[in-house]
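Residues per chain, in single letters:
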Number of protein chains: 2
Amino acid sequence: MTTSDDDLDPDLVAVTRGTDAAAALTRPPGLDRERILWTAVEFIDRHGLAALTMRRLGAQLGVEAMALYRYVPGREDLLDGVVDSVVETLFDNEDGDDLYIEDHSGWQDYLMKLAHGVRRIALAHPSVFPLVASRPPAAPWVRPPLRSLRLVESFLGTLTDSGFSDQAAVAAYRAYSSFLLGHLLLEVTQLGAQVSLLDQPEGDPKAQAATDLDRHPNLLRTEPLLSQNKSAAEFEEALENLLDRLTGVLHEAKNSDDGSVMDL
Amino acid sequence: MTTSDDDLDPDLVAVTRGTDAAAALTRPPGLDRERILWTAVEFIDRHGLAALTMRRLGAQLGVEAMALYRYVPGREDLLDGVVDSVVETLFDNEDGDDLYIEDHSGWQDYLMKLAHGVRRIALAHPSVFPLVASRPPAAPWVRPPLRSLRLVESFLGTLTDSGFSDQAAVAAYRAYSSFLLGHLLLEVTQLGAQVSLLDQPEGDPKAQAATDLDRHPNLLRTEPLLSQNKSAAEFEEALENLLDRLTGVLHEAKNSDDGSVMDL
DNA sequence: CGCGGGCAGTTTACGGCGTAAACGAGACGG
DNA sequence: CCGTCTCGTTTACGCCGTAAACTGCCCGCG
């Protein structure tokens, strides 16, 4: 019924950490920080952030809530750990850490791979991503969703090695992170809104919608267009536009004084 | 000490709803939904979202927590109301609702005024904006931060009246909202990170930072650049770039088949 | 004047939350 | 055999959101 082109979205992989389910059955007795963090990720994916409490997370692990405090200082730090865990997968589940080493073909290829890597994370954990987006970063210049020092270092190194000035690389980092954040946060928000609409389809279905929409002719007319989901194509197009923009910045780097913040 | 150019940022107005402070002193006895909502906004601005509880909000209003439930169904709905209240100021505190009526000079002017209006809101209420950004919208196609039906209707109407096809207007709406969301959420996040760094300047200030940064030469070298705050200029430049892109889309609307999602 | 009903805010109460502190129970080297 | 150490449990406290019962007070109507 819903026109969804997501079936051929290359970033929308079936998220099958099948080992987790098996591990939960065999229940390896040892508790440790890693296991707690990934169980929390899975719990948030399944029940949402609001449902995650220390007691319930303990129960999921077959343990009392207080047992978690030996491995995690408190709930806030647990959430930080969840964010870190999810972001760090960029380094291992990519085919060998090709993001850090320079075995990519040029900075544009690097930025595209990185963008799709982050998008894959966002789509795999839609309920965790708002946390990645809005949790206060460690330093003011660690901008979500690229929250790890390693990642930022890798980003800046790749661009400066490719001929970007320090200023241009930093400007690119800022433009790139806000692009990623905006697109992906909206994409996962829309994902969440779709399921939350199915939660309560109650009330008289016509009266409210009609009175709302009759005063809004443009909304009414474009509603089918608005309901289409072209996230993958839009992401691709906006990303390519950004890369084009950055290419321009890189090449005009010599004749500098045009007042742009990009190469100031 | 911190190099801040914010002093001449036109969107960074001194937020003086002075009437509120005066009203708190004279304490007009009547409680109503509007007063509760704006007191909550002020409370979040001052103490952060986490500190807002029904009991404390009641205390701020000189009333027991349960009294609020006569005007607000519960805490979640209160937060929705807070978001709505803040967003709706786009219509009144602009010089007469010039956003809704078509007394702007062209769609580009409209989009610039709207963007700066939203930015002004974000900067005036940095702790509320993450709520505006991440609270699930009423309908899937109501994309933060443009969360009101009136606003989306106004947006689509202005663009289609200016010659945009329905498809182009919707594509512009999507590009525009993700641009706004990314830029502004990062800007307020950075604001919050700055104050939260001042909260605990404890620990040995050199050892940790040095061990962290020594392994990250590019970070170390570009740190002064990364710490600069050029948000206003970057916002302006990215906004102009987006408007240019949209202008192109509008003008090539006739020769359509280039595969772009913009004029599909 | 009296009085009854509704409005506005309070009191009481309950279950769940994060977490501090004291408390087992089993492993293990001496 | 006995400390001691590791890992998890028990108990307890204060705060949270909120359901339900309960005031005091105003105001129209006899």
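Since we're looking at a predicted model, the values are computed, not measured.

Would you mind going over the overall build of chain A with me for this structure?
Per the secondary structure count, chain A includes 11 helices and zero strands. Listed N to C, the secondary structure of chain A is α-α-α-α-α-α-α-α-α-α-α in terms of helices and strands. A buried classification covers 36% of the 264 residues belonging to chain A. Long-range pairs, those at least 24 residues apart, make up 68% of the contacts in chain A between residues at least 6 apart in sequence.

Looking at this structure, I do not really get the relation of the copies chain A and chain B. What am I missing?
Note that the two copies of the chain are related through a rotation about an axis and a translation along the same axis. Of the transformation placing chain A onto chain B, the axial shift is 0.0 Å and the rotation is 180°, giving an RMSD of 0.0 Å. These values place the two chain copies in the arrangement generated by a two-fold rotation axis. In terms of proximity to the rotation axis, the leading residue of chain A is Gly182(A), whose C-alpha is 1.9 Å off the axis.

Help me understand the protein's contact with DNA strand D in this model?
Taken together, the neighbourhood of DNA strand D is formed by 14 residues, with Glu64(A), Met66(A), Thr53(B), Met54(B) and Gly74(B) sitting nearest. If you tally residues by element for the surface near DNA strand D, the top one is helix α3 (residues 54–60) of chain B, at three residues. In terms of residue class, the surface near DNA strand D is built from seven nonpolar, two polar and five charged.

What should I look at first to understand the packing of helix α10 (residues 217–227) of chain A against helix α7 (residues 149–161) of chain B in this one?
Think of two packed helices as two axes; the pair is described by the angle between the axes and how far apart they sit. It is at 8 Å that the axes of α10(A) and α7(B) come closest, and there the two elements cross at 80°. One element, α10(A), and the other, α7(B), form an angle in the roughly perpendicular class. Of the residues in α7(B), those in contact with Asn218(A), Leu219(A) and Thr222(A) of α10(A) are Leu149(B), Val152(B), Glu153(B), Leu156(B), Gly157(B) and Thr160(B). Each residue belonging to the contact of α10(A) with α7(B) can be placed in one class, and the counts come to four nonpolar, four polar and one charged.

What is the right way to read the protein's contact with DNA strand C from this model?
Lining the immediate environment of DNA strand C, one finds 16 residues, of which Thr53(A), Met54(A), Gly74(A), Glu64(B) and Met66(B) sit closest. Ranked by residues supplied to the surface near DNA strand C, first place goes to helix α3 (residues 54–60) of chain A with three residues. Split by residue class, the surface near DNA strand C holds eight nonpolar, three polar and five charged.

Would you take a moment to explain unusual backbone geometry for this structure?
Where the residue is not glycine, phi is negative for most of them; where a peptide bond is considered, it is trans in most cases. Here the amide bond leading from Pro144(A) into Pro145(A) is cis, since omega sits at 0°, within 30 degrees of zero. Here Pro145(A) shows up in the loop between α6 (129–134) and α7 (149–161).

Help me understand the interface of chain A and chain B in this model?
By a frequent convention, interface size equals the accessible area lost on bringing the separate parts together. On the side of chain B, 54 residues touch chain A, which itself brings 54 residues to the contact. Sorting elements by how many residues they give to the side of chain A that touches chain B places helix α8 (residues 166–199) of chain A first, with 21 residues. For the side of chain A that touches chain B, a count of residues per class yields 25 nonpolar, 19 polar and 10 charged.

I'm lost on the environment of Leu181(B) in this one. Help?
Relative to the elements of secondary structure, Leu181(B) occurs in helix α8 (residues 166–199). With 28 C-beta atoms packed within 10 Å, Leu181(B) lands in the buried category. A sequence separation of 57 residues divides Leu181(B) from Ala238(B), and the C-alpha atoms of the two residues are 12 Å apart. The residues contacting Leu181(B), other than those within four sequence positions of it, are Gly182(A), Leu185(A), Leu186(A), Ala133(B), Pro144(B) and Pro145(B).

Just checking my understanding: could you explain α7(A) for this structure?
Since the α-helix packs 3.6 residues into each turn, any two residues three or four apart lie on the same face. Residue and element names in this part refer to chain A. Taking 1.5 Å as the rise per residue, α7 with 13 residues should run 18 Å; its terminal C-alpha atoms sit 18 Å apart, in good agreement. Residues of α7 that are buried: Leu151, Val152, Ser154, Phe155, Leu156, Thr158 and Leu159. The first or second residue beyond α7 is glycine 163, which carries a positive phi of 105°.

Sorry, what's going on with the environment of Glu34(A) here?
All names here are of chain A. Structurally, glutamate 34 can be placed in helix α2 (residues 33–47). Taking the C-beta count within 10 Å as the criterion, glutamate 34 has 11 such neighbours and is therefore assigned exposed. It is 9.4 Å that separates the C-alpha atoms of glutamate 34 and valine 82, two residues lying 48 residues apart in sequence.

I tried to follow helix α11 (residues 231–251) of chain B on my own but got confused; where do I start?
Residue and element names in this part refer to chain B. With 21 residues, α11 ought to run about 30 Å at 1.5 Å a step, and its terminal C-alpha atoms sit 30 Å apart, in line with that. Turning to α11, its buried residues number three or more, namely Ser231, Phe235, Ala238, Leu239, Leu242, Leu246, Val249 and Leu250. With its buried residues spanning 125° around the axis, α11 presents them on a single face. Exposed residues on α11 whose side chains face more than 90 degrees from its buried face are Glu240, Asp244, Thr247 and His251.

How should the environment of Asp214(A) be read in this particular structure?
Residues and elements named next belong to chain A. Mapped onto the elements, aspartate 214 comes out in helix α9 (residues 207–214). Given 10 C-beta atoms within a 10 Å radius, aspartate 214 is considered exposed. Separated by 27 residues in the primary sequence, aspartate 214 and glutamate 187 have C-alpha atoms spaced 27 Å apart.

When you look at the confidence of the model for chain A in this model, what are you seeing that I'm missing?
Low pLDDT means the predicted atomic positions in that stretch should not be read closely. Residue and element names in this part refer to chain A. The pLDDT averaged across chain A works out to 84; a share of 75% of its residues lies at or above 70. The low-confidence segment residues 1–6 (pLDDT under 50) makes five contacts with residues lying over four places distant or belonging to another chain. Segment residues 201–205: pLDDT under 50, and one contact once partners within four positions in sequence are set aside and those in other chains are kept.

Sorry if this is basic, but what is going on with the packing of helix α4 (residues 75–92) of chain A against helix α5 (residues 106–124) of chain A here?
Residue and element names in this part refer to chain A. The interhelical angle for the contact between α4 and α5, taken along N-to-C directions, is 140°, at an axis separation of 10 Å. When the interaxial angle is binned, α4 and α5 end up oblique. α5 is crossed by α4, and the crossing has right-handed handedness. Residue-level inspection shows Val86, Thr89 and Leu90 of α4 in contact with α5, the latter providing Gly117, Val118 and Ile121. Of the residues contributing to the contact of α4 with α5, the split by class is four nonpolar, two polar and no charged.

Conventions adopted
- Residues numbered from 1 in each chain as written.
- Chains lettered and ligands numbered in written order.
- Predicted model: local features only at pLDDT ≥ 70, side-chain atom pairs only at ≥ 80, totals over all residues.
- Helix = DSSP H or I, 4+ residues; strand = E, 2+ residues; numbered from the N terminus.
- Buried ≥ 20, exposed ≤ 12 C-beta atoms within 10 Å, placed from the backbone.
- Contact = placed C-beta atoms within 7 Å.
- Least-squares fit on C-alpha atoms with pLDDT ≥ 70 in both.
- Near = placed C-beta within 6 Å.
- Nonpolar A, V, L, I, M, F, W, Y, C, P; charged D, E, K, R; others polar.
- Axes fitted to C-alpha atoms, helices over the stretch in contact; angles between N-to-C directions.
- Parallel < 35°, antiparallel > 145°, perpendicular 65-115°, else oblique.
- Expected span 1.5 Å × (residues − 1).
- Arc of directions from axis to C-beta.
- pLDDT = per-residue confidence, 0-100.
- Left-handed = near helix turned anticlockwise from the far one by under 90°.

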